[in-house]
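These are the residues of each chain, in order.
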Amino acid sequence: MSKFLWKGLLVSRAVLAATLVVSSTALAAEQPVEIAAAAQANLQLAGAATEAAKPETAKPETAEPLSLASNLTVETIEKESANLYEGLANEPIAPVAEQAKAPSNAVAADLTETKPAVAPANLSAEQPVAEQIPAVAPANLSETQPAVAPANLKAGKAAPQPEQISQSSAPSAQPQAESNVLEQINEYSTEGSGSEDAVGQVTSVSQLSDVRPTDWAFQALQSLVERYGCIAGYPDGTFRGNRAMTRYEFAAGLNACLDKVSQFIQGSRNRVMREDLASMQRLQEEFAAELATLRGRVDVLEARASELEANQFSTTTKLNGEVIFALTGIARGDDAEGRKADETTAFGSRVRLNFDTSFSGKDLLRTRLQVLNLGSFSTNNTKTAEGELRFNAGPFGEASNTVGLDALLYQFPLGKNTTVILEANAGAADDFTNTVNPYFDGDGSYGALSNFGTRNPIYYLLGGSGIAVRHQFGEKLELSLGYLAGNPANPTQGNGLFNGSYGGLAQLTFKPSDSMALGLTYVNSYNLITNTGSNASNFPARLGSFGLDSDSNLPVSSNSYGAQASWRLNRGFAIGGWAGYTNQRILSNLATPTGSVQRGDQKIWNWAVTLAFPDLLKEGNVAGILVGMEPRVTSSTNRTLPEDKDTSLHFEGFYQFKLSDNISITPGLIWLTAPDHNKNNSDLVIGVVRTTFTF
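Residues numbered from 1 in each chain as written. Predicted model: local features only at pLDDT ≥ 70, side-chain atom pairs only at ≥ 80, totals over all residues. Heavy atoms only, no water.

Caption draft 1: Region of the structure containing the packing of aromatic side chains. Under the counting rule described, the total for this entry stands at 15 aromatic pairs. Between F452 and W578, the ring centres sit 5.5 Å apart and the planes meet at 70 degrees, which makes this aromatic pair edge-to-face. You can see F452 sitting in helix 12 (residues 451-454) and its partner W578 sitting in strand 13 (residues 573-586), a full 126 residues away along the chain. A relative accessible area of 1% means that F452 is categorised as buried. Ring geometry for Y502 versus Y526: centroids 6.2 Å apart, planes at 20 degrees, classification stacked. In this pair, Y502 sits in strand 10 (residues 502-513) while Y526 sits in strand 11 (residues 516-526), placing the two residues 24 residues apart along the sequence. Residue classification places Y502 among the partly exposed positions, given a relative accessible area of 23%. Since its relative accessible area comes to 24%, Y526 is described here as partly exposed. Among the aromatic side chains, those forming a connected cluster through ring pairs are Y483, F498, Y502 and Y526. (Phe/Tyr/Trp six-rings, centres within 6.5 Å; stacked < 30°, edge-to-face > 60°. Helix = DSSP H or I, 4+ residues; strand = E, 2+ residues; numbered from the N terminus. Buried < 20%, exposed > 50% of the residue type's maximum accessible area, 1.4 Å probe, protein only.)

Here's what the structure looks like:
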């Protein structure tokens, strides 16, 4: 009798293997899904006859198993959780290893040594990762022996590999598990098709069936979240149990919860309820494909991140830069000397490369290389700083294609609300304070085209090297303090950090809301000028323009006061402006062969009103209109110090059109009604087309 029984068992085993082969072959003909590792393990039981019946498909690659939370195996769970169910049931439960060896149990594939099968290819057209990354295929479960616990939870993994741990007696309340992996794959592939027979191509995650709050899976996961405090995938830490979730969204929450429970088991040796282990196992099986897809996405991202890290320029430094191409020219008008301005059209560029380094994640070391070749109008055409462009060689400057060190600074936090900025070269006020001109102050790269339109001219009364501090008094009030020396690296007499030219700034910036800002500024400077406005306002450096034959600059000190405001009334309109006053004091007398200069004071005013139209016609575009008066000497204390008898208005308009995230084109016009604040000079019109590339 025993011989007949033994032969019957052998025949049943061969029939089972042959049945699996036929089912796998039929599935491969319907859709390109690789044979799961579990099926492969079962097929090997059939011997040489089974090998002959296999379809000609690529052999799955062996790889590290996909698992969720920890590297617990069946054996380690048995060792570390020997008392897991102690006290939970009256009847004894056989050890896991013994149950796994029992011949009466359902066939369970060993998924720990082979790569799981690829998820169904028609899950989503928008998620191509699913076509390449293995999906976990649970082995067939016996109807009388549902799985109760995940047997392999690996820490730090984003996708699970469900394995089953058989138990001697199933809880009466335990739902029946899925019986066949092939039926599960077909079920996923036909979701949302509207017909049980139709197999439609899923093209979006939104087409997948939602997991609703009334579903058993939703309630099971919610119970785990509440019991073990695991976060179900949301940044705010809530489960959001009042709305449906997509299967992928649900799988992400399940993945996070399994990680947490695994750490709970492994780290603290705490007990987990048997019902919870059974729920987790069933959830793993139900959402195996989604969990595998999530793991696939993580694997792809990790691979890309590793490649970037291996080929990056530096682990601490990022390179960013900008290139400006500018077509400029004077359309008409007179220069400051009353002669017709040269109407030559020029084409030039400015290139900046910023190497931004951070050592702690909160500090910044910026090293900037710059080269420009666009000459200034004030040197060659207009003979005045009024109307000068922001991105050329600068007022009365000469351009060349020489690469030089521009900005060099290091900033770091000092406490929670204070930032310290060390300026080693070419420092400027906008490095450490808010110029309160958000749509116009782009330092030549975007926004206004001219020096005057970029910011209040009193900000130009400091520059060079030094130190600055920004301190936040809450969210609405900020104090900025800075000291910059013009020539600190020169140790000769009359130069250096404290004996040469310098500028000191203090500003209170008040922001009552995100759409409004107000700045009150004070600047004290020595031997520095704004390089905007008339020649008279820049008199210490422009003696030759008044017929004084001297190459010397007059020593001068100034105290300047400014108020700036900006208010965005709505999404598409903002108004702003500023007013500035400077008391410029000439500190010594100067005699020249052609005249003399006496000590005295000059009062200099400037103002502007700005209108900005953000997102005009297209998101990211900006249109701007500015009307103002560049620095003008309204009075002086003696006749040897020049005054501006007339008033010139500065009109500027531009439209910055965003072609892409990295390219923008800005055409614009600058119109000066009386160049150099002299009504005898005809109106001056300057045209500009600026193209900015950022990377």
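Picking up where we left off.
Caption draft 2: Local environment of a nonpolar patch on the surface. Nonpolar side chains collect at one region of the surface, where F473, L477, L508, F510, L518 and L520 lie side by side and expose about 510 Å² of accessible area between them. In this fold, F510 is placed in strand 10. Exposure remark for F510: the relative accessible area of 38% places this residue in the partly exposed category. (Patch = residues over 30% accessible without salt bridge, like charges linked within 9 Å, V, L, I, M, F, W, Y side chains within 5 Å. Areas by Shrake-Rupley, 256 points an atom, 1.4 Å probe, with all protein chains shown as cover. Salt bridge = Lys/Arg side-chain N within 4 Å of Asp/Glu carboxyl O.)

Caption draft 3: Local environment of helix 7 (residues 216-228). With 13 residues, helix 7 ought to run about 18 Å at 1.5 Å a step, and its terminal C-alpha atoms sit 18 Å apart, in line with that. Those residues of helix 7 lying buried are A217, F218, A220, L221, L224, V225 and Y228. Across the axial projection of helix 7, the buried residues extend over an arc of 165 degrees, all falling on one side. The positive-phi residue at the C-terminal boundary of helix 7 is G229, with phi of around 70 degrees. (Expected span 1.5 Å × (residues − 1). Arc of directions from axis to C-beta.)

Caption draft 4: Examining the nonpolar core more closely. By size, the foremost hydrophobic cluster in this structure holds 25 residues, and its most contacted members are F391 and F440. For this core, the elements supplying multiple residues, two or more each, are strand 3 (317-332), strand 13, strand 16 (600-614), strand 17 (622-636), strand 19 (663-672) and strand 20 (684-694). In this view, F440 contacts Y446, G447, A448, G453, T454, T610, L611, A612, G624, I625, L626 and F654; residues no more than four positions away in its chain are not counted. In terms of nonpolar packing, the next biggest core, distinct from the first, is built from 24 residues, L221, V225, L254 and L258 among them. (Core = buried A, V, L, I, M, F, W, Y, C linked by side-chain atoms within 4.5 Å. Contact = heavy atoms within 4.5 Å.)

Caption draft 5: Focus on the pattern of salt bridges. Counted under the stated rule, the structure contains 14 salt bridges. A salt bridge links D356 to R366; the nearest nitrogen and oxygen atoms lie 2.8 Å apart. Of this pair, D356 sits in strand 4 (residues 345-357) while R366 sits in strand 5 (residues 364-372), and the two are 10 residues apart along the sequence. R366 sits in the partly exposed class, given a relative accessible area of 22%. Note that D406 is salt-bridged to R368, the shortest N-O span being 3.3 Å. Of this pair, D406 sits in strand 6 (residues 400-413) while R368 sits in strand 5, and the two are 38 residues apart along the sequence. Relative accessible area serves as the criterion here: at 12%, R368 is assigned to the buried category. Each member of the salt-bridge network shares a partner with another, and the members are R352, R390, D430, D441, D443 and R455.

Caption draft 6: Structural detail: the packing of helix 9 (residues 274-286) against helix 10 (residues 288-311). The interhelical angle for the contact between helix 9 and helix 10, taken along N-to-C directions, is 75 degrees, at an axis separation of 5 Å. One element, helix 9, and the other, helix 10, form an angle in the roughly perpendicular class. Only A288, E290 and L291 of helix 10 make contact with helix 9, whose side of the interface consists of Q284, E285 and E286. Of the residues contributing to the contact of helix 9 with helix 10, the split by class is two nonpolar, one polar and three charged. (Axes fitted to C-alpha atoms, helices over the stretch in contact; angles between N-to-C directions. Parallel < 35°, antiparallel > 145°, perpendicular 65-115°, else oblique. Nonpolar A, V, L, I, M, F, W, Y, C, P; charged D, E, K, R; others polar.)

Caption draft 7: Highlighting the pairing of strand 19. The two faces of strand 19 differ: S664, T666, G668, I670 and L672 on one face are buried, but I663, I665, P667, L669 and W671 on the other face are not. Here strand 18 (residues 650-658) pairs with strand 19 via seven bridges, running antiparallel. Its bridge partner being in strand 19, F654 is matched across the sheet by G668. In this antiparallel pair of consecutive strands, strand 18 and strand 19, the connection spans four residues. (Pairing = 2+ DSSP bridges.)

Caption draft 8: A look at helix 10. For helix 10, spanning 24 residues, the distance from its first C-alpha to its last is 35 Å, which sits close to the expected 34 Å at 1.5 Å a residue. Among all positions in helix 10, only A288, A289, E290, L291, A292, T293, L294, R295 and G296 are buried.

Caption draft 9: Representation of the side chain of T317 in the model. Summarising the element assignment, T317 is placed in strand 3. Among the polar contacts listed, one links the side chain of T317 to the side chain of T357, at a separation of 2.7 Å. Residues within four places of T317 in sequence aside, it is in contact with F355, D356 and T357. (Polar contact = N/O pair within 3.5 Å; in protein donor to acceptor, adjacent residues only side chain to side chain.)

Geometric values such as these leave the question of function open.
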